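Per-entry structural report
Listed below, chain by chain, are the residues.
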Amino acid sequence: MPEVQNVTKKYVEMNKEELEKELVKLKAEYKKYQEMELSLNMARGKPCREQLDLSMGMMDTLSSDADLSCEDGTDCRNYGVLTGIREAKVLIGAMMENKPENIIIYGNSSLNVMYDTVSRAYTHGVMGNTPWCKLDKVKFLCPVPGYDRHFAITEYFGIEMIPVQMTPTGPDMDEVERLVASDESIKGIWCVPKYSNPQGYSYSDETVRRFARLRPAARDFRIFWDNAYGIHHLYDDDQDYLIEILEECKKAGSPDLVYKFSSTSKITFPGSGIAAIATSLNNLEEIKTQLGYQTIGHDKVNQLRHVRFFGDLDGMKEHMRKHAAIIRPKFETVLNALERDLKPCGIGSWTNPKGGYFISFDAPEGCAKAIVDRAKKAGVTMTGAGATYPYGKDPHDSNIRIAPTFPSVADLKLAMDIFTVCVRLVAVDKMLKEMN
């Protein structure tokens, strides 16, 4: 394995001759990695095999001779129970910090629930308002960097996306408040409020309360609150806390303002978890009307399996500690590599999250695409540069999402060695071109 060539001087302090020598070293190092013909994948935030193995006991909670009846006598093998069994609502409600009566349990994917929610507003409107498909213009606010699959949904429906800058305390709320109050065509905003994708930021109390106090020009404006990482902490003794948005909206006199989404996708099996929406009773009634045409009910056997596997929220939290023990060393591997290889050079910046699934890296402006391309040619596949912005267009060509969870620690160490060499190589090359 090639050795990392450390530097003792920041690149901005180097003269042209020093940079040229550094470029020669980096190119030689990069070529050695290419010759290894590697195939390492850091493209998406997938749980690794060891994480999936944690939930294998769930397969033993139900058997052919098990009683598949709920506490109220409902037979989970049959049709019915449109909004989910009571036990599942209690369990997921505890995870989401919401009352069971404010929750609908769906199938395996919260992304599917979000798509349905946008689709319903697009074709039939929100609470008697004009369907979005009949309006001249529909817009959504998109905190950036953000989640590419959120942006893909709104792009699919032809909804114009307006970037809003993220900060360590959440979206720029001055800008959010100004935009939603002044433009009736703005119908929603995407949010990942805890351990955000990709930075791992969590919204401050003030940010959550400002969201709850929004006074949109559009009566059918909704906050799409994707709390995907609500209990996905990396550390027992250092965790972010998020105040509950539905309760804050109720206090602010706007109980219908928010749709809150969550799932067990990165808790149990991503392809076989359960998803949920929590919202006001008014919103729920409208959703149930549409849902009655779409399905007779989701997989109640799977709902019961989850309930019996975890028992309660404490069981979930203990399960998540096991997840953290597996992925925490991976986050630390990434951060250690960035600190070791890039900090001395004075190039790039990155987040240091306390939970979630990602680390956000900002390369020197104009370098992200070239870095990702270099990494791929050396055998490391990463999330495409620009993916964290609407339409895949990062105006600064700077942000790169690092997903540490899927590779092994050994593979991750190698992948990060390659990544940091690519960052340095592209940065030095850019500096020399600017000098010339």
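The structure presented is a predicted model; accordingly, all values stated were derived computationally and were not measured.

1. Re the pairing of strand E11 (residues 359-362)
- As paired strands, strand E10 (residues 349-350) and E11 are joined by two bridges and run antiparallel to one another. In the sheet register, Ser-349 faces E11, and the bridge partner there is Asp-362.
- Across four bridges, E11 lies against strand E13 (residues 399-402) in antiparallel orientation. What sits directly across from Ile-359, in E13, is Ile-402.

2. Some points on the UniProt feature "coiled-coil region" (unreviewed entry) in the protein
- Under the UniProt annotation, "coiled-coil region" (unreviewed entry) lies at residues 9-36.
- Annotated as residues 9-36, this span is 71% helix and 0% strand, and its ends, taken at the C-alpha atoms, are 29 Å apart.

3. Topic: the pattern of salt bridges
- Per the stated rule, a full pass over the model turns up 27 salt bridges.
- The shortest N-O distance in the salt bridge between Glu-18 and Lys-9 comes to 3.1 Å.
- The closest approach of N and O atoms between Lys-430 and Glu-434, which form a salt bridge, is 2.6 Å. Remark: Glu-434 and Lys-430 occur in helix H13 (residues 409-435); sequence separation between them is four residues, near one turn of the helix.
- We classify Glu-434 as exposed; its relative accessible area is 54%.

4. Section: the sheet that holds strand E2 (residues 103-105)
- One open sheet accounts for eight strands, arranged E2-E9-E8-E7-E6-E3-E4-E5; its pairing is mixed. Either end of the sheet is taken by a strand with one partner, and the two such strands are E2 and strand E5 (170-171).
- Note: strand E6 (residues 186-191) against strand E7 (residues 222-226), four bridges, orientation parallel. Bridge pairing in E7 links Cys-191 to Trp-225.
- Across the sheet, helix H4 (residues 110-124) lies against E6, E7, strand E8 (258-263) and strand E9 (275-278), angled at about 155 degrees from E8, the strand it touches most.

5. Things to note about the sheet that holds E10
- Spatially, E10-E11-E13 is the arrangement adopted by the three strands of the open sheet, whose pairing is antiparallel. The open sheet has two free edges, formed respectively by E10 and E13, since each of these has just one partner strand.
- Packed on one face of the sheet, helix H11 (residues 313-341) meets E10, E11 and E13 and runs near 20 degrees to E11.

6. Points about the environment of Ser-263
- On the secondary structure map, Ser-263 appears in strand E8.
- A residue is classified by how much of its surface remains accessible, and Ser-263, at 9% relative accessible area, is buried.
- Apart from the residues lying within four places of it in its own chain, the contact partners of Ser-263 are Met-95, Ser-110, Ile-274 and Ala-275.

7. A few points about the environment of Ala-181
- Among the structural elements, Ala-181 can be located in helix H6 (residues 173-182).
- Note on Ala-181: relative accessible area 45%, which makes it partly exposed.
- Beyond its immediate sequence surroundings of up to four residues, Ala-181 is in contact with Arg-215 and Ala-217.

8. Quick word on helix H1 (residues 16-35)
- Here H1 spans 29 Å end to end across 20 residues, near enough to the 28 Å set by a 1.5 Å rise per residue.
- Buried residues of H1: Leu-19, Glu-22, Leu-23, Leu-26, Glu-29, Tyr-30 and Tyr-33, and no others. The buried residues of H1 occupy an angular sector of 135 degrees when projected down its axis, which confines them to one face. The exposed residues of H1 that point more than 90 degrees off its buried face are Glu-17, Lys-21, Val-24 and Glu-35.
- In this structure, the buried residues of H1 make contact with helix H12 (368-377) and H13.
- A positive phi of about 50 degrees marks Glu-37, the residue just after H1.

9. Things to note about the side chain of Thr-405
- Considering the arrangement of structural elements, one finds Thr-405 in the loop between E13 and H13.
- At 2.6 Å, the side chain of Thr-405 and the backbone oxygen of Lys-46 are in polar contact.
- Excluding anything up to four places from it in sequence, Thr-405 contacts Gly-45, Lys-46, Pro-47, Cys-48, Gln-51, Ile-327, Lys-330, Phe-331 and Tyr-357.

10. So, the domain arrangement of the protein
- You can read the domains of the protein as domain 1 (11-51 + 318-435) and domain 2 (69-311).
- Relative to domain 2, the C-alpha centre of domain 1 lies at a distance of 31 Å.
- At the interface, 28 residues of domain 1 touch 34 residues of domain 2.
- A combined buried area of about 2,800 Å² lies between domain 1 and domain 2, and 61% of that area is made up of carbon and sulfur atoms.
- Taken together, the links from domain 1 to domain 2 amount to five salt bridges.
- A salt bridge links Asp-148 to Arg-401, with the nearest nitrogen and oxygen atoms 3.8 Å apart.
- The tally of links between domain 1 and domain 2 comes to 14 residue pairs in polar contact (both at pLDDT 80 or more).

The rules behind the values
Residues numbered from 1 in each chain as written. Predicted model: local features only at pLDDT ≥ 70, side-chain atom pairs only at ≥ 80, totals over all residues. Heavy atoms only, no water. Pairing = 2+ DSSP bridges. Helix = DSSP H or I, 4+ residues; strand = E, 2+ residues; numbered from the N terminus. UniProt positions renumbered as here; feature names shortened; annotations may be inferred. Salt bridge = Lys/Arg side-chain N within 4 Å of Asp/Glu carboxyl O. Buried < 20%, exposed > 50% of the residue type's maximum accessible area, 1.4 Å probe, protein only. Contact = heavy atoms within 4.5 Å. Axes fitted to C-alpha atoms, helices over the stretch in contact; angles between N-to-C directions. Expected span 1.5 Å × (residues − 1). Arc of directions from axis to C-beta. Polar contact = N/O pair within 3.5 Å; in protein donor to acceptor, adjacent residues only side chain to side chain. Domains from an automatic or database assignment. Buried area = accessible area lost by both parts, 1.4 Å probe.

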